[in-house]
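Structural overview
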Amino acid sequence: MCIRDRSTWASKEKSKKSCIEDILSSNQILYKDGDTNIDHTVVIKYVPTAGDTKKAMDEYISEIFMGGHHTLTIYNVCEDSLLAAPIILDLVLLTELFERIEYKTDQAAEFKRFDPVLSMLGYLMKAPQTRDESPLINSLVRQKSSIENMFKICAGLPLEDNLLLEYRAK
């Protein structure tokens with residue numbers, strides 16, 4: 001994969017932009033339906049002299065006391081292939097495991113396997129693949145939680161409930 005290819009950086013740009021849509025749709029209190037009034041720009045450039053080294057700068061600007069502004073800038077330099085190697089190993093292992101899992105609902109007569117597009121593995125990818133009717137989840141925490149919950153279901157363990165509603169309702 002080389003960022004100099006238009007299709008490669010277009011995919012990265014699309015996945016990064018869709019993260020904002022996921023953030024907006026997951027917080028209906030701050031962002032009402034259709035409210036996309038948020039300043040967000042994604043720029044991806046290929047620099048041949050950088051080679052395998054990825055250089056990224058993220059800048060977050062927030063409003064603070066008395067109309068002031070706070071700017072947080074993060075500059076990151078790393079080798080993409082060294083970051084990707086362990087993720088690829090995890091991806092292969094999880095794909096193999098999920099291919100072996102079969103499930104059956106109360107209404108079904110036979111066991112089924114997961115859809116060929118394992119959207120749960122989006123945790124390890126920039127742009128998770130889903131069927132058209134499936135929701136696209138870009139939230140890293142939600143993606144990780146879905147994998148953890150799948151392991152718990154397979155092991156017969158209860159799912160984690162951080163709400164603790166039984167204590168809050170008294």
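Preceding this section is the structure that the text describes.
Residues numbered from 1 in each chain as written. Predicted model: local features only at pLDDT ≥ 70, side-chain atom pairs only at ≥ 80, totals over all residues. Heavy atoms only, no water.

What about the overall build of the chain?
Within the chain one finds four helices and four strands. Mapped in sequence order, the helices and strands of the chain form the string α-β-β-α-β-β-α-α. Across the 170 residues that make up the chain, the buried fraction comes to 16%. The contacts of the chain with a sequence gap of at least 6 include a subset with a gap of at least 24, amounting to 39%. With an accessible surface of roughly 13800 Å², the chain has 57% of that area assigned to carbon and sulfur atoms. (Helix = DSSP H or I, 4+ residues; strand = E, 2+ residues; numbered from the N terminus. Buried < 20%, exposed > 50% of the residue type's maximum accessible area, 1.4 Å probe, protein only. Contact = heavy atoms within 4.5 Å. Areas by Shrake-Rupley, 256 points an atom, 1.4 Å probe, with all protein chains shown as cover.)

Concerning the packing of aromatic side chains
On inspection of all chains with the given rule, the structure shows three aromatic pairs. With 5.9 Å between their ring centres and 35° between their planes, Y103 and F114 make a pair best called tilted. Of this pair, Y103 sits in strand β3 (residues 102-103) while F114 sits in the loop between β4 (112-113) and α3 (140-155), and the two are 11 residues apart along the sequence. Residue Y103 is classed as partly exposed on the basis of its relative accessible area of 37%. A connected cluster of aromatic rings, assembled from ring pairs, spans F98, Y103, F114 and F151. (Phe/Tyr/Trp six-rings, centres within 6.5 Å; stacked < 30°, edge-to-face > 60°.)

A closer look at the nonpolar core
Counting nine residues, the largest nonpolar core is built from L94, F98, I101, L118, M120, L121, L124, I147 and M150. At the level of secondary structure, the elements contributing two or more residues to this core comprise α2 (80-100) and α3. I147 has contacts with L94, M120 and Y123, leaving out every residue within four places of it along the chain. (Core = buried A, V, L, I, M, F, W, Y, C linked by side-chain atoms within 4.5 Å.)

Considerations on the pairing of strand β1 (residues 53-63)
Here 11 bridges tie β1 to strand β2 (residues 69-79), and the two strands are oriented antiparallel to one another. Note that in β2 the partner of Y60 across the bridge is L72. Taking the residues between adjacent antiparallel strands as the criterion, β1 and β2 are bridged by five residues, where M66 takes a positive phi near 55°. (Pairing = 2+ DSSP bridges.)

With respect to a nonpolar patch on the surface
Residues M57, Y75 and V77 make up a contiguous nonpolar surface patch of about 340 Å² in total accessible area. Examined against the element boundaries, Y75 turns out to sit in strand β2. Overall, Y75 belongs to the exposed group, its relative accessible area being 55%. (Patch = residues over 30% accessible without salt bridge, like charges linked within 9 Å, V, L, I, M, F, W, Y side chains within 5 Å. Salt bridge = Lys/Arg side-chain N within 4 Å of Asp/Glu carboxyl O.)

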